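What follows is the residue order along each chain.
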Amino acid sequence: MFDKLVQVMATLRGPNGCDWDRAQDFASIAPYTIEEAYEVADAIAHDDMAALRDELGDLQLQVVFHAAIAADRGAFTIDDVLAGIVDKMERRHPHIFGDGPRLDWETLKAGERDDAQVTGALAGVALGMPALLRAAKLQKRAARVGFDWPDAVGPRAKIDEELAEVEQATDPDHRAGEVGDLLFAMVNWARHLGVDPEAALRTANGKFERRFAAMEALDAGFAERNLDEQEALWIQVKRAELPVQT
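Residues numbered from 1 in each chain as written. Predicted model: local features only at pLDDT ≥ 70, side-chain atom pairs only at ≥ 80, totals over all residues. Heavy atoms only, no water.

1. Focus on the pattern of salt bridges
Opposite charge on two side chains lets them pair, provided their charged atoms get close. Considering all chains together, one arrives at 11 salt bridges under this definition. Put simply, Arg13 and Asp72 hold a salt bridge, and the shortest N to O gap is 2.8 Å. One end of the pair, Arg13, is in the loop between helix H1 (2–12) and helix H2 (19–23); the other, Asp72, is in helix H4 (residues 49–72), and 59 residues separate them in sequence. Its relative accessible area of 53% is what places Asp72 among the exposed residues. The salt bridge involving Arg191 is made with Asp148; its shortest N-O contact spans 2.8 Å. A residue pair is termed long-range when its members are at least 10 positions apart, and Arg191 in helix H10 (residues 172–192) and Asp148 in the loop between helix H8 (131–144) and helix H9 (153–167) qualify at 43 residues. Looking at Arg191, the relative accessible area reads 18%, which means it is buried. Assessed through its relative accessible area of 31%, Asp148 is described here as partly exposed. Through salt bridges with shared partners, a single ionic network connects Lys158, Glu161 and Glu162. (Salt bridge = Lys/Arg side-chain N within 4 Å of Asp/Glu carboxyl O. Helix = DSSP H or I, 4+ residues; strand = E, 2+ residues; numbered from the N terminus. Buried < 20%, exposed > 50% of the residue type's maximum accessible area, 1.4 Å probe, protein only.)

Okay, here's the thing in structure tokens:
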């Protein structure tokens, strides 16, 4: 079936294919690739196997689509993509596919960056990552070369410092920059607490959606209520979620 999918994409991008598919390039479909990856994560979060099956198919289509564009440009083919990932997985598991020692995953990746002459501890962290995830990855890379606080005390103090700078900002651009610094500091504190900031924010988003929907269900006229009345509903919904104390 994988070969069939490759053929379907080749037909869509062929001379008698779909105008839309033929018009696409890497940049134009990149947002769809990211969206499909999030939809896979959403299906997993909801433990929805039917949705996961469908979303994995959609994500696989994105891989084939990118490879088809590359093939049309003479850059590489889907076979090159598959050969590359097979080689990488075998290379990164020398204790399983060879007679080498078990090595730390990040150490292996760092060695690959050295082989590719990619310099700098922060080199190679993808720009397309979600900002919170990328911030955490940059901080982990910096920590590997010793640029890190020894515990969570330093990152926590940094949050107070950055918050004060947000409040002292004098214009919108300055304020936006300081808010960015504050968010970066929050990610660093979360990392030191052993919390995945991307997952934590995803959970918070889900919690807010769930509670907001519950408020609307409690009061059909919710949108017309004043803020104090809406806040009272919020507290009611929040208390209803708390475990019963026995």
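2. What about the packing of aromatic side chains?
Enumeration over the complete set of coordinates arrives at 5 aromatic pairs. Taking the centre distance of 6.3 Å and the plane angle of 65° together, the rings of Trp20 and Phe65 count as edge-to-face. Of this pair, Trp20 sits in helix H2 while Phe65 is found in helix H4, placing the two residues 45 residues apart along the sequence. With a centroid separation of 5.8 Å and 35° between ring planes, the pair formed by Phe208 and Phe212 is classed as tilted. Pair noted here: Phe208 and Phe212 are both in helix H11 (residues 197–218), with a separation of 4 residues, about one helical turn. Residue classification places Phe208 among the partly exposed residues on the basis of a relative accessible area of 46%. For Phe212, a relative accessible area of 29% translates into the label partly exposed. Connected via pairs of aromatic rings, a cluster forms that spans Phe208, Phe212, Phe222 and Trp234. One residue, Arg156, lies across the ring of Trp189, its end atom 5.3 Å from the ring centre. (Phe/Tyr/Trp six-rings, centres within 6.5 Å; stacked < 30°, edge-to-face > 60°. Lys NZ or Arg CZ within 6 Å of the ring centre and 35° of its normal.)

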